[in-house]
Every structure is written in C-alpha cells, then in structure tokens.
Amino acid sequence: GQNIDQPTEMTATEGAIVQINCTYQTSGFNGLFWYQQHAGEAPTFLSYNVLDGLEEKGRFSSFLSRSKGYSYLLLKELQMKDSASYLCAVYNTDKLIFGTGTRLQVFP
Amino acid sequence: GAGVSQTPSNKVTEKGKYVELRCDPISGHTALYWYRQSLGQGPEFLIYFQGTGAADDSGLPNDRFFAVRPEGSVSTLKIQRTERGDSAVYLCASSFGGDTQYFGPGTRLTVL
C-alpha cells in the first residue's frame, strides 16, 4: 500500500522557524518532493530530495532519510506569505503520491 | 515562457452531463499528468502521458473517465455521465521527461 503521513495543521509566529515532518511507506521510491499550495492556487515546487541528507535553498531546507522513510521541510525566518499548505509527495516510478498536506498558519 | 494553462477555470454542470477539461502544458514538456484534488486532501493521480500515449492510467476511477493527448501537447480529460462525487479541482502538470512536475491552476468542477 501507499501511506504518506504529515500533520494536518501547524501554527507559527512571524520570524520563527518551523519544521514540517513527513513519513512515508510506499511500494516504490524515486525521490521526495515538497510543494507549497496557497488556497485556491496550484501547487508550486519547493524542493526535491533523492539522496539522504539536507538540501538547502534560501529560507527553505528539506531533509531525507530513506532508511527511515522520513523527510522534513524546514522554513526559516517565517513571513506572513508563508501561510499555505505544504504537500509532501513521493515520486513513484511515474507519478507523485501526495500526503494530505500540512496547513501552516503564520501569525504576526 | 508560459506555464501550464488549464481551461475552463471553473465548470458547473448537472449530474449526468458530459464535460471536457483542457490542459496546455509547458512548451517542450514531453510528460503530462492529470490529478484530482478534493477539499482538504492532497492531489490524487489519475493518468500520465509520455508523448501521445497514456503510459499509466491506473488512477482513473472508472470507465466514465478518459483522457487523450493526440498530438503530444494539449490534453483533454473527458468525464461522461458526471456524478456529484466527481466534484473536485482537476489539476494538470507537465514535466520534461521524469523531471520536476509543474502544475497548472486547475479546473474547479462542480456537479449539481
């Protein structure tokens, strides 16, 4: 079966750091993606991990441990515009398998 | 260049009617994907095209759903005899080969 788990909701304060966790159990694995989705808009690409370790891109970093079936997205120096849903997705052969998404609310 | 475009942005139809949803991928992208997203859920895979052929249609929920990509660019998702449970946002994405998928704005389908 395919199972991707991430918290449903998180809250944080402007300027803070937040970590969104994702665990997965899938029949295949070719990499892990994180997408950001604002309400009523399309998912936009944030990061892609295929090997273990940390990938840093500006204020956003993503980590992968394939042996543990675990990833996290780290957002630093939070801004109000970071309020959105964050989708963890496993790339499996030819398709993305998404979790339900984590809705992040950033408060001033 | 332009991103993935989808038309219409909104579609309201009555139960039992036929609908077509269109996707125009990023120019040069060989792979095209359709996903469906219900409220509060992540996108759910429907079908994947590599060029003109459907390489994987395992996500289509039943035979009322069909998609084509006759010239390897624009794709149309067709839903026959729509049901209220088909109401969702239908997302299209494209990629160059198996690279990062870029999503369009989606078509919000409402079946009354």
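Residues numbered from 1 in each chain as written. Chains lettered and ligands numbered in written order. Predicted model: local features only at pLDDT ≥ 70, side-chain atom pairs only at ≥ 80, totals over all residues. Heavy atoms only, no water.

### A word on the nonpolar core
Part 1 of the argument: Counting 22 residues, the largest nonpolar core has Trp 34, Leu 75, Tyr 86 and Leu 104 of chain A as its most contacted members.
Part 2 of the argument: Elements supplying a minimum of two residues to this core: strand 2 (9-13), strand 3 (18-25), strand 4 (32-37), strand 7 (60-65), strand 8 (70-75), strand 9 (84-92) and strand 11 (102-107) of chain A.
Part 3 of the argument: The contact partners of Tyr 86 of chain A, leaving out residues within four places of it in the chain, are Gln 6, Ile 20, Trp 34, Tyr 35, Gln 36, Leu 46, Phe 60, Leu 73, Leu 75, Gly 101, Thr 102 and Leu 104 of chain A.
Part 4 of the argument: With 19 residues, the next largest nonpolar core counts Trp 34, Ile 47, Leu 77 and Leu 109 of chain B among its residues. (Core = buried A, V, L, I, M, F, W, Y, C linked by side-chain atoms within 4.5 Å. Buried < 20%, exposed > 50% of the residue type's maximum accessible area, 1.4 Å probe, protein only. Helix = DSSP H or I, 4+ residues; strand = E, 2+ residues; numbered from the N terminus. Contact = heavy atoms within 4.5 Å.)

### Things to note about the state of the cysteines
Part 1 of the argument: Applying the stated criterion across every chain yields a total of two disulfides over all chains.
Part 2 of the argument: A sulfur-sulfur distance of 2.0 Å marks the disulfide that ties Cys 22 of chain A to Cys 88 of chain A. Between Cys 22 of chain A and Cys 88 of chain A, the S-S torsion sits near -65°, and that sign places the bridge as left-handed. In this pair, Cys 22 of chain A is assigned in strand 3 and Cys 88 of chain A in strand 9, connecting sequence segments 66 residues apart.
Part 3 of the argument: Take Cys 22 of chain A: its relative accessible area is 0%, and that puts it in the buried class.
Part 4 of the argument: Paired through a disulfide, Cys 23 of chain B and Cys 92 of chain B show a sulfur-sulfur distance of 1.9 Å. Measuring the twist about the S-S bond at about -65°, one finds the Cys 23 of chain B-Cys 92 of chain B disulfide to be left-handed. (Disulfide = S-S within 2.5 Å.)

### Examining the sheet that holds strand 7 (residues 65-68) of chain B
Sheets are built from strands that pair by backbone hydrogen bonding, the pairs being arranged parallel or antiparallel.
All names here are of chain B.
Part 1 of the argument: A sheet is described by the order of its strands in space; here four strands give the open sequence 1-3-8-7, paired in antiparallel fashion. The sheet terminates laterally at strand 1 (5-7) and strand 7, the two strands that pair on one side only. Mean inter-strand twist for the sheet, computed between neighbouring axes without regard to direction, equals 15°.
Part 2 of the argument: In this structure, strand 7 lies alongside strand 8 (residues 75-79), joined through four bridges in antiparallel fashion. The partner of Ala 67 across the bridge, within strand 8, is Leu 77. (Pairing = 2+ DSSP bridges. Axes fitted to C-alpha atoms, helices over the stretch in contact; angles between N-to-C directions.)

### Here we look at the sheet that holds strand 8 of chain A
All names here are of chain A.
Part 1 of the argument: Strand order in the open sheet formed by five strands is 1-3-8-7-6, with antiparallel pairing between adjacent strands. Across the chains shown, the open sheet's two edge strands, defined by having one partner strand only, are strand 1 (3-5) and strand 6 (53-57). Each strand of the sheet is rotated relative to its neighbour by a mean of 15°, with strand direction disregarded.
Part 2 of the argument: Where strand 1 meets strand 3, three bridges bridge the pair, whose relative direction is antiparallel. By the bridge assignment for strand 3, Asn 3 is matched with Gln 25.

### As for the interface of chain A and chain B
Where the parts come together, the accessible area they lose is often given as the size of the interface.
Part 1 of the argument: Contacts between the two partners involve 14 residues from chain A and, on the opposite side, 19 residues from chain B.
Part 2 of the argument: Interface area, chain A with chain B, both sides summed: about 1400 Å², of which 57% is carbon and sulfur.
Part 3 of the argument: Together, Asp 94, Lys 95 and Phe 98 of chain A form the three largest contributors to the area buried by chain A at its contact with chain B, with a combined 32%.
Part 4 of the argument: Counting across the interface, chain A meets chain B through one salt bridge.
Part 5 of the argument: With a shortest N-O distance of 3.0 Å, Lys 95 of chain A and Asp 56 of chain B are connected by a salt bridge.
Part 6 of the argument: The interface formed by chain A and chain B holds four residue pairs in polar contact (both at pLDDT 80 or more) in total. (Buried area = accessible area lost by both parts, 1.4 Å probe. Salt bridge = Lys/Arg side-chain N within 4 Å of Asp/Glu carboxyl O. Polar contact = N/O pair within 3.5 Å; in protein donor to acceptor, adjacent residues only side chain to side chain.)

### So, the packing of aromatic side chains
Part 1 of the argument: Enumeration according to the criterion identifies 18 aromatic pairs over all chains in this entry.
Part 2 of the argument: Ring centres of Tyr 70 of chain A and Tyr 72 of chain A lie 6.1 Å apart, and the angle between their planes is 55°; on these two criteria the pair is classed as tilted.
Part 3 of the argument: On the basis of relative accessibility, which here comes to 21%, the residue Tyr 70 of chain A falls in the partly exposed class.
Part 4 of the argument: Ring plane angle 75° and centroid distance 5.9 Å describe the contact between Tyr 35 of chain B and Phe 45 of chain B, whose orientation is recorded as edge-to-face. (Phe/Tyr/Trp six-rings, centres within 6.5 Å; stacked < 30°, edge-to-face > 60°.)

### Digging into a nonpolar patch on the surface
Part 1 of the argument: Where nonpolar side chains cluster on the molecular surface, the patch consists of Tyr 48, Val 50 and Leu 51 of chain A and spans about 260 Å² of accessible area.
Part 2 of the argument: Residue placement: Val 50 of chain A occurs in the loop between strand 5 (44-49) and strand 6. (Patch = residues over 30% accessible without salt bridge, like charges linked within 9 Å, V, L, I, M, F, W, Y side chains within 5 Å. Areas by Shrake-Rupley, 256 points an atom, 1.4 Å probe, with all protein chains shown as cover.)

### Let's talk about the pattern of salt bridges
Part 1 of the argument: One pass over the full model with this rule turns up ten salt bridges over all chains.
Part 2 of the argument: Of the charged contacts, one joins Arg 103 of chain A and Glu 9 of chain A as a salt bridge, the two residues approaching to 3.5 Å between their closest N and O atoms. Pair noted here: Arg 103 of chain A is in strand 11 and Glu 9 of chain A is in strand 2, with a separation of 94 residues, a long-range link.
Part 3 of the argument: Taking the relative accessible area as the measure of exposure, Arg 103 of chain A reaches 42% and is therefore partly exposed.
Part 4 of the argument: A relative accessible area of 48% means that Glu 9 of chain A is categorised as partly exposed.
Part 5 of the argument: Note that Asp 24 of chain B and Arg 22 of chain B form a salt bridge whose closest N and O atoms lie 3.5 Å from each other.
Part 6 of the argument: Shared partners join several salt bridges into a network, and the residues in it are Asp 94 and Lys 95 of chain A together with Asp 56 of chain B.

Scope: geometric values only; no functional claims are made or implied.
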